[in-house]
Amino acid sequence: GTIALQNQLSGMTTASLPALGSAQMPTGSLLKSTYYDYPAYSTTTSTGFVNTGSSVSYTVVNTGCAIYLNQNFNLAKHGNSNYWIQARLLIDGQSYQQMTVSMHSQQNEYIPVAFNGLFTSLSLTAGDTVVFQMQIKTDNSSHAAAVDDGSNLGSGLIVHEIKQ
């Protein structure tokens, strides 16, 4: 019983344990997570989507993986007027419904926003580079839209590779 098991385990080392690589992990397993402090502060009065500065380039490690994204940022209106602002996160230049948000308010305010999306059909191979780009716009060029207010309320992009 217990003594026999203790004797078996006492001779084990990390070298005698089998390696658990991504191939042995079950579907849905988290293979890798990477955090980026993104996006930086940006503002626009453009009525068409514009980039909020630099993009994030992510290198895929696991062939065939899905990507689960968490994007947190602060979306702002700069004016006490009745207008809409929008933000979206592009993936390799492509927009997706679950990574787009619209905000309408009559206040000059910052609103915390979180995008979460699972992308299973990107056909990724180890070594591929995936580019993420935040964009914003306003529907009233007299009033600005902004992301992240520079007060350290927290903006971040987390890229998770998930076993399919």
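Model, not experiment: these values are computed from the prediction.

Chemist: How should I be thinking about the overall build of the chain in this particular structure?
Modeler: Secondary structure summary: the chain contains 1 helix and 11 strands in total. Order of helices (α) and strands (β) in the chain, N terminus to C terminus: α-β-β-β-β-β-β-β-β-β-β-β. Relative to its 164 residues, the chain shows a buried fraction of 35%. In the chain, the proportion of contacts linking residues at least 24 apart, taken out of those at least 6 apart, comes to 82%. With the model as given, the accessible surface of the chain reaches about 8,800 Å², and the carbon-plus-sulfur share is 50%.

Chemist: Is there a simple way to explain the environment of Thr125 in this structure?
Modeler: With respect to the helices, strands and loops of the structure, Thr125 is situated in the loop between strand S8 (110-119) and strand S9 (129-138). As a C-alpha pair, Thr125 and Cys65 span 60 residues in sequence and 7.9 Å in three-dimensional space. Sequence-distant contacts of Thr125, that is, excluding residues within four places in its chain, are made with Val60 and Thr63.

Chemist: Help me out: how do you make sense of the nonpolar core in this one?
Modeler: Burial of nonpolar side chains together is a common tendency in soluble globular proteins. Ranked by internal contacts, the top residues of the largest apolar core, which has 28 residues, are Leu69, Phe73, Leu75, Leu89, Phe132 and Leu157. Breaking this core down by element, the ones donating at least two residues are strand S4 (56-59), strand S5 (66-78), strand S6 (83-91), S8, S9, strand S10 (144-147) and strand S11 (156-162). For this core, the element with the most residues is S6, which contributes 5 residues. In contact with Leu157, other than residues within four places in its own chain, are Thr34, Tyr35, Tyr36, Tyr38, Val56, Leu69, Asn70, Gln71, Leu89 and Phe132.

Chemist: Would you mind showing me how to read the side chain of Ser29 here?
Modeler: Take Ser29: it is sitting in the loop between helix H1 (2-10) and strand S1 (30-36). Sequence-distant contacts of Ser29, defined by excluding residues within four places in its chain, comprise Glu161, Ile162 and Lys163.

Chemist: Before we go on, may I ask you to explain the side chain of Gln133 in this structure?
Modeler: Structurally, the position occupied by Gln133 is in strand S9. Taking relative accessible area as the criterion, Gln133 reaches 11% and is therefore assigned buried. A polar contact of 3.3 Å, which involves the side chain of Gln133, links it to the backbone oxygen of Gly53. Among residues more than four places away in sequence, those in contact with Gln133 are Tyr38, Asn51, Thr52, Gly53, Ser54, Ser55, Arg88, Leu89 and Leu90.

Chemist: What exactly am I supposed to notice about the environment of His104 here?
Modeler: Position of His104 relative to the elements: it lies in strand S7 (residues 100-105). According to the relative accessible area criterion, His104 is partly exposed, its value standing at 36%. Residues His104 and Ile85, spaced 19 residues apart in sequence, show a C-alpha to C-alpha distance of 6.6 Å. Excluding its chain neighbours within four sequence positions, the residues that come into contact with His104 are Asn82, Tyr83 and Trp84.

The rules behind the values
- Residues numbered from 1 in each chain as written.
- Predicted model: local features only at pLDDT ≥ 70, side-chain atom pairs only at ≥ 80, totals over all residues.
- Heavy atoms only, no water.
- Helix = DSSP H or I, 4+ residues; strand = E, 2+ residues; numbered from the N terminus.
- Buried < 20%, exposed > 50% of the residue type's maximum accessible area, 1.4 Å probe, protein only.
- Contact = heavy atoms within 4.5 Å.
- Areas by Shrake-Rupley, 256 points an atom, 1.4 Å probe, with all protein chains shown as cover.
- Core = buried A, V, L, I, M, F, W, Y, C linked by side-chain atoms within 4.5 Å.
- Polar contact = N/O pair within 3.5 Å; in protein donor to acceptor, adjacent residues only side chain to side chain.

From the geometry alone we can't say anything about function, so treat these as descriptive.
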